[in-house]
Structure formats: C-alpha cells, structure tokens
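Descriptive structure summary
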Amino acid sequence: MSTATTSPPSLPQPSDYSPVIAGRHGGKSALVTGGARGIGAGIVEWLAAEGADVTFTYASAAAEADALVGRITSNGGTARGIAADSSDREQIREVIDQVVARAGHLDVVVSNAGGGTMRPVAELSDGEVDRMIDVNIRGTLDTVRFSLPHLRRGGRVITIGSVSAHHFPNDVTSLYGLTKGAVASLVRGMSRELGPRGVTINNVQPGPVDTPANPADGPVGELLRASISVGRFGTVEEVASLVSYLASDQGAYINGASFDIDGGYSA
Ligand SMILES: NC(=O)c1ccc[n+]([C@@H]2O[C@H](COP(=O)([O-])OP(=O)(O)OC[C@H]3O[C@@H](n4cnc5c(N)ncnc54)[C@H](OP(=O)(O)O)[C@@H]3O)[C@@H](O)[C@H]2O)c1
C-alpha cells in the first residue's frame, strides 16, 4: 500500500484559518466532557482556537489536562480542566454549575467521555456492563439534561457516538454498539425538544480514530485498517473540525442528525 493512501492529509490547523473563522466561537461558553486526551482534547483545542471559552472534564489524566490548558493558553486561548467522572451524577451537576457561575450560560456542550471493553457479551463482567452503560448512556444523558436550563438560543449540543451504533464487523462490539445506538436515539428524539428553543443537537459517529484508546499502531490497528476504504485511521483534528462546524452558526439547520466520520469503514 502506498504512503499516499495511508498518511493523513496535511490538514489546516485552527491557527491557519482566517480571523473570521478563527473567531467564529468568540464569546461562547463551551463544555467538553472527557477532554484531556484523544478526540475530546482535539475538540477542546479546536473550539478554543476558534475563540470559545472552554471547560473540559477528565477522569484521572491531570497531567495531560494541565499540558492541554498550557498549550491553549500560550496560543492566546482560554480553557480549564476539571476532574469529574461522567458516571457520577453529582460531579456532572457540579461541573455545569461551575461553568454557569463563571460564564452565566452555556453555548456549546460536547458529550465525548466514553469508551468500553471490546469483548463478546458472553465474556463481559457485571462491572464492565454497568460501567459502559453508566458512562456512555447515563453520563451522556445527564450531561445533556443538566445543561438544558443554561443553553441560550443558538446553543449547540453535540454527542460523540460511534459507527459501532450500526456497524458490527466482528463479535466484540455488541454492548458498546448498544450504548452508542442509545446515544443516536437520544439525539434524534431530543431534536424535537430543543429545536423550538433555538438549540440544536447532533451526533458525530467516528470510525477508527488514532487516540490513546485506539492507537493506529495498536494490537488491532492492522485489522481495522484493512476495512477502512481510505486505508488509514482518522485523526482527532478531522473529528474536531466537524464538531466545530456543527457548533457554529453555519450548522444552524442541522438538527437530530448522526454523522459517520470513518473513512468508509462502515460503508
Ligand atoms: N478512538 C476511536 O477510534 C473512537 C471511535 C468511535 C468513537 N469513539 C468515541 O470517542 C470518544 C473519545 O474516545 P477516545 O478514543 O478519544 O478515548 P481516550 O483516548 O480514552 O480519551 C478519552 C478521554 O475521556 C476521558 N474519560 C473517559 N472516561 C471518562 C469518564 N467516565 N468521565 C470523564 N472523563 C472520562 C478520559 O479521561 P482520563 O484520561 O482521565 O481517563 C480521556 O480524557 C468516546 O466516546 C469513544 O467512545 C472513539
């Protein structure tokens, strides 16, 4: 396979954009769950580069959170990380209270924290089942519903689901797919609640994306790559730029939608 098909394209970074685009989230208050590493960190960095004041949560990666805040601050952006587990209802409430105490409102909410154990259902422990449901489903639902009273007109809610919601190429993603399918259903349903309030909700469904949870050079990297028609994993920047578009004024007519971003993996 040639390098041309396996290397990510040279992507424009937020700093390469014109001032108009670079400032399109100026004055907005954003919350991203699970933002210290991986896709979430890419979203935090991209929204901050386009002018948003970003608060993000993480489970335990305090050093990565500090490094991310340092990078953003040194580029002239504003961000802060708060340790809060998305499976803990009170911790989510507390984070949202802190954002609202600081900014007075919310404009962009990205529910990204999630993940799971990839094994056949028959082999999952009770703890693994509970954890995946608690973080991926209940954590997303709580993040969205506690944010609702604080979202202004023009507000945007974006969930990070997965193509695993509808694509089952092996026997290890049934429960993970169930949780991400639930997220897609929540988004479709809630678009009916939010649209009349001038707020949209959409779901971004990545395929294999190179992150600490799913490294392109990890144990299943080669296997996954063989099924991705563009011949490579996605990058966090590619997912973040789609999220940023959905969060922008340009995305105002998109509501209740799920977008696969998977290089043709689930085609
Ligand atoms: N990478 C992929 O191929 C892929 C594909 C489809 C969908 N996704 C989805 O994309 C999202 C991000 O995945 P990723 O690959 O970027 O994962 P990752 O590399 O493991 O990063 C996840 C981030 O979320 C945080 N986090 C995890 N559980 C949390 C919890 N309970 N409460 C608060 N924060 C939590 C982590 O914090 P700590 O570092 O402190 O643990 C970390 O900052 C997930 O929803 C995942 O299901 C990923």
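Right above here is the structure, for reference.
Quick caveat, the model's predicted, so the values are computed rather than measured. Numbering of residues begins from 1 in every chain and follows the order in which that chain's sequence is written. Two thresholds apply to this predicted model, a pLDDT of at least 70 for residue-level local features and 80 or more for giving and counting side-chain atom pairs, whereas whole-chain, interface and lining totals are computed over all residues. Side-chain metrics in this entry use all non-hydrogen atoms of the structure; hydrogen atoms and water are not considered.

**Topic: the overall build of the chain**
Applied cut-off: For helices the rule is a DSSP run of H or I covering at least 4 residues; for strands it is a run of E covering at least 2, with both sets numbered from the N terminus onward. Atoms counted for the radius of gyration: C-alpha only. Globule rule: 2.2 Å times the number of residues to the power 0.38. Classification of residues uses two cut-offs on accessible area relative to the type maximum, computed with a 1.4 Å probe and protein chains only: under 20% is buried, over 50% is exposed, and between them is partly exposed. Contacts: residue pairs with any heavy atoms within 4.5 Å of one another. The Shrake-Rupley method, run with a 1.4 Å probe sphere, supplies the accessible areas, and residue values consider only the shown protein chains as cover. Asp and Glu are treated as the negative residues and Lys and Arg as the positive ones, with His and the ends of the chain left uncounted. Think of each charge as sitting on NZ of Lys, CZ of Arg, CG of Asp or CD of Glu.
Helix and strand counts for the chain stand at nine helices and seven strands. Taking 267 residues into account, the globule formula puts the C-alpha radius of gyration at 18 Å, and the chain, at 18 Å, falls close to it. For the chain, the C-alpha atoms occupy an extent of roughly 45 × 45 × 40 Å along the three principal directions. A buried classification covers 50% of the 267 residues belonging to the chain. For the chain, restricting intrachain contacts to residue pairs at least 6 apart in sequence, the fraction spanning at least 24 positions comes to 76%. Carbon and sulfur atoms make up 53% of the accessible area of the chain, which amounts to about 12,000 Å² in all. Within the chain, the 28 negative side-chain charges are centred at a point lying 8 Å from the centre of the 21 positive side-chain charges.

**A few points about the sheet that holds strand 3 (residues 78-83)**
Filter applied, for reference: Any two strands with at least two DSSP-identified bridges between them are counted as paired. As a rule, the C-alpha atoms of each element are fitted with a line to give its axis, helices using only the stretch in contact, and angles between N-to-C directions run from 0 to 180 degrees.
If you walk across this open sheet you meet the seven strands as 3-2-1-4-5-6-7, and the pairing is parallel. Each edge of the open sheet carries a strand with a single partner, namely strand 3 and strand 7 (258-261). Pairs of neighbouring strands in the sheet enclose a mean axial angle of 20 degrees, with direction left out of account. Alignment of strand 1 (residues 29-32) against strand 2 (residues 53-58), held across four bridges, turns out to be parallel.

**Points about the packing of helix 3 (residues 38-49) against helix 9 (residues 236-247)**
The test is simple: For this classification, under 35 degrees means roughly parallel, over 145 means roughly antiparallel, 65 to 115 means roughly perpendicular, and everything else is oblique. The sense of a crossing depends on the near helix, which, turned anticlockwise from the far helix by less than a right angle, makes the crossing left-handed and, turned clockwise, makes it right-handed.
Viewed as axis vectors pointing N to C, helix 3 and helix 9 meet at an angle of 50 degrees, and their least axial separation amounts to 8 Å. Considering the angle they form, helix 3 stands oblique to helix 9. Crossing of helix 3 against helix 9: the hand is right-handed. Where helix 3 abuts helix 9, its residues Gly38, Ile39, Gly42, Ile43, Trp46 and Leu47 lie against Val236, Glu237, Val239, Ala240, Ser241, Val243, Ser244 and Ala247.

**Details of the packing of helix 6 (residues 126-147) against helix 7 (residues 174-194)**
Each packed pair of helices is defined by two parameters, the angle between the axes and the distance between the axes. Quick reminder of the rule: Gly is placed with the polar residues, together with every amino acid not listed as nonpolar (Ala, Val, Leu, Ile, Met, Phe, Trp, Tyr, Cys and Pro) or charged (Asp, Glu, Lys and Arg).
The contact between helix 6 and helix 7 brings their axes to 10 Å, and the two run at 15 degrees. The angle between helix 6 and helix 7 falls in the class roughly parallel. The hand of the helix 6/helix 7 crossing is right-handed. For the pair formed by helix 6 and helix 7, the contact residues are Glu128, Val129, Met132, Ile133, Asn136, Ile137, Thr140, Leu141 and Val144 on the first element and Leu175, Tyr176, Thr179, Lys180, Ala182, Val183, Leu186 and Met190 on the second. Class assignment for the residues of the contact of helix 6 with helix 7 results in 12 nonpolar, three polar and two charged.

**Topic: the site of the ligand**
Operational definition: Residues are labelled near a given molecule or strand when at least one of their non-hydrogen atoms is within 4 Å of it. A 3.5 Å cut-off defines polar contacts: any pair of N or O atoms within that distance qualifies, except that in protein one atom must be a possible hydrogen donor and the other a possible acceptor, and neighbouring residues in sequence count only when both atoms are side-chain atoms.
In the region of the ligand, 31 residues are neighbours, and Arg37, Ser60, Ala61, Tyr176 and Thr211 sit closest. In the environment of the ligand, an oxygen atom lies 2.4 Å from a nitrogen or oxygen atom belonging to the backbone of Ser60. One nitrogen or oxygen atom from the main chain of Ala213 is found 3.3 Å from an oxygen atom belonging to the ligand. Within the complex, the protein chains bury 91% of what would otherwise be the 900 Å² of accessible surface of the ligand. Across the shell around the ligand, the residue classes tally to 15 nonpolar, 12 polar and four charged.

Function cannot be read off these values alone, since they describe shape.
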